[in-house]
Amino acid sequence: MAASDKPSIAFIGLGAMGFGMATHLVKQGYPVTGFDVWPPTLERFRAAGGSTAITPAETVRGHQYVVCMVATAAQAQAVLFEGESPALDAMSEGVSLLLCSTVPCAYVQSLEAELAGKGRGDVLLIDCPVSGGAQRAAEGTLSIMAGGSDQAIEKGRALLQELADTSKLYIVNGGIGAGSNMKMVHQVLAAVKILATSEAMGFAQRMGLDLSYTYDHIQNSDAAAWMFGHRGPRILSDFQPIASATNIIIKDAGIITSEALRLGYSTPMTGTAEQVYFQGVGRGYGADDDSSLIRLYTEGAQELTSPLAEDEKEKKLALVKGLLRGIYLCGTAESLVFARKCQLDLDQVYDLCCNAAGGSKVFETIGPEIISLLRGEQASAGDGGEILQDITSRLREAVAEAQRLRMPLYLGAEASSLIRLASQHASDSTKPLSRASIAMVWAAR
């Protein structure tokens, strides 16, 4: 498509993700009019080749495509419906409205109803939250989870593909709300693994391990994870650059726990992480990069100066791996059983999560076992040579070492308790239990 043939786009919300998405569209030859409440951001966008407007209504007037990439549901409601110049008043007939913000399923469904109630059922709403970070937003290689009517998806598909990686545009069955649910179950993994990175690195530091050594070995092991690979280097560089503030993951964790409560589902791993995030905000870390939460595990601890022998380093590194694998196992189960609760396609959820920020070696290898169990298939103990009791034993060793050090392992302790519950669900806990059997802690509730 020639640049002159590309449709003009209104873009509301030029934060870290939105700015990257909007400037990517400009680079691809789309005429883009941007809006943000922060004037310096508008200046940056003009310098990048975009046009700007000073109200939501002015931004969307005359455009057939509107992208909304604000931070919260409250902000989306404000720019679309509230104030003196809301966007809805100036939207063209048949406009495509892409809501890319991470919001609760209940909100986006209420948005669809409100549009219809105001006589704007012509608006082609797409529920399409994104994942991937600011760099991928600027490259146009995001993961996008899109739900909506067939008509809305058909009209918006080309624009969605422009913003997404060629293999990471997921059209989610279920209409409005399905995209948000897909993002939510992914964020279970993200919320748990962001904190797990700080917990594991804090544990390593308290045991006297060099953090660069720990990072390199974990990322080349069966405890590797995208979040650990992404947050670890920022821990090593004094939490710089600030790529994702703690306040952002708190919002996402809140969506998970509130929606779970609404649906009658338990999220003990995400709930534990949320409580620790609250602690971080209470200490003034809300605007800091979320990798800085390692301070909750290391502040006030005496620095160990004696070098460790090689065999001692290997033993301590094994404790860190055991901690992470136990946490990741429980996060995997919590996410996949929640996906089933939300009536999502588990194969699609698996593909998305393997290729997005929530991915890990544990999810890749044990996720299919859990999916098979959830489909009623017999889970065999000892697949791959590892059973649930192996993971339990290694996690318990890590928790015991933390107790000796008098340091917290918030997620590790919760995961240890959940795995013990899985053993209690088994008809005979003395026999080898499949790794997938952990899912029964959630599935049986």
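Residues numbered from 1 in each chain as written. Predicted model: local features only at pLDDT ≥ 70, side-chain atom pairs only at ≥ 80, totals over all residues. Heavy atoms only, no water.

A. Layout of empty space enclosed by the protein. Scanning the model with the defined rule gives one cavity of 30 Å³ or more in all. The volume enclosed by the largest cavity comes to roughly 40 Å³. Residue lining of the largest cavity: Thr102, Val103, Ser180, Met184, Gln187, Asp252, Ile255 and Ile256, and that is the complete set. Elements that contribute at least two residues to the lining of the largest cavity include exactly helix H8 (178–206) and helix H11 (246–263). Broken down by class, the residue content of the lining of the largest cavity amounts to four nonpolar, three polar and one charged. (1 Å grid on protein atoms, 1.4 Å probe; cavity = no way out; pocket = protein on both sides within 12 Å on 5 of 7 lines; lining within 4 Å. Points joined across faces, edges and corners; volume = space filled by probe spheres on them. Helix = DSSP H or I, 4+ residues; strand = E, 2+ residues; numbered from the N terminus. Nonpolar A, V, L, I, M, F, W, Y, C, P; charged D, E, K, R; others polar.)

B. Representation of the environment of glutamate 84 within the structure. For glutamate 84, the position within the fold is in the loop between helix H4 (73–81) and strand S5 (96–99). Glutamate 84 sits in the exposed class, given a relative accessible area of 82%. Remark: the alpha-carbon pair of glutamate 84 and proline 56, spanning 28 residues in sequence, is separated by 9.6 Å. (Buried < 20%, exposed > 50% of the residue type's maximum accessible area, 1.4 Å probe, protein only.)

C. Expanded view of the pattern of salt bridges. Tallied over the entire structure, the rule returns 17 salt bridges. For arginine 231, the salt bridge identified is with aspartate 290, shortest N-O distance 2.9 Å. One end of the pair, arginine 231, is in helix H10 (residues 226–236); the other, aspartate 290, is in the loop between helix H12 (268–282) and helix H13 (295–298), with 59 residues separating them in the sequence. A salt bridge links lysine 251 to aspartate 252, with the shortest nitrogen-to-oxygen separation between them at 3.5 Å. In this structure lysine 251 comes out as partly exposed when scored by relative accessible area, which is 25%. Residue classification places aspartate 252 among the buried positions, given a relative accessible area of 7%. In this structure, a network of salt bridges that share partners links the residues Asp222, Lys321, Arg325, Glu369, Glu386, Arg394 and Arg435. (Salt bridge = Lys/Arg side-chain N within 4 Å of Asp/Glu carboxyl O.)

D. Structural view of the layout of surface pockets. Of the volumes computed, that of the largest pocket is approximately 1200 Å³. Lining the largest pocket are 47 residues, and of these Ala16, Met17, Met69, Ser244 and Ile248 sit closest to its centre. The dominant element in the lining of the largest pocket, judged by the number of residues it contributes, is H8, at five residues. Along the lines of polarity and charge, the residues of the lining of the largest pocket split into 24 nonpolar, 16 polar and seven charged.

E. Expanded view of the nonpolar core. Ranked by internal contacts, the top residues of the largest apolar core, which has 97 residues, are Phe203, Ile438 and Trp442. Leaving out residues up to four positions away in the same chain, tryptophan 442 has contacts with Tyr265, Ser266, Pro268, Met269, Cys330, Ala333, Glu334, Val337 and Leu418. Counting 33 residues, the second largest nonpolar core, distinct from the first, contains Leu42, Leu98, Ile144 and Ala152. (Core = buried A, V, L, I, M, F, W, Y, C linked by side-chain atoms within 4.5 Å. Contact = heavy atoms within 4.5 Å.)

F. View of the packing of aromatic side chains. Within the structure shown, the criterion is met by five aromatic pairs. Note on tyrosine 297 and tyrosine 410: the rings are 5.6 Å apart at their centroids and 65° apart in plane angle, and the pair reads as edge-to-face. Taken as a pair, tyrosine 297 in helix H13 and tyrosine 410 in helix H18 (residues 410–425) lie far apart in primary sequence, 113 residues in all. The class for tyrosine 410 is partly exposed, based on a relative accessible area of 25%. The ring of phenylalanine 19 has arginine 44 lying over it, and the distance from NZ or CZ to the ring centre is 3.9 Å. (Phe/Tyr/Trp six-rings, centres within 6.5 Å; stacked < 30°, edge-to-face > 60°. Lys NZ or Arg CZ within 6 Å of the ring centre and 35° of its normal.)

G. Up close: helix H5 (residues 105–117). Over its 13 residues, H5 extends 18 Å from the first C-alpha to the last, a length consistent with the 18 Å expected when each residue adds 1.5 Å. All of the buried residues in H5 are Cys105, Tyr107, Val108, Leu111 and Leu115. In this structure, the buried side of H5 is in contact with H4, S5, strand S6 (124–127), H8 and H11. Of the residues flanking the end of H5, it is glycine 119, one or two places downstream, whose phi is positive at about 75°. (Expected span 1.5 Å × (residues − 1).)

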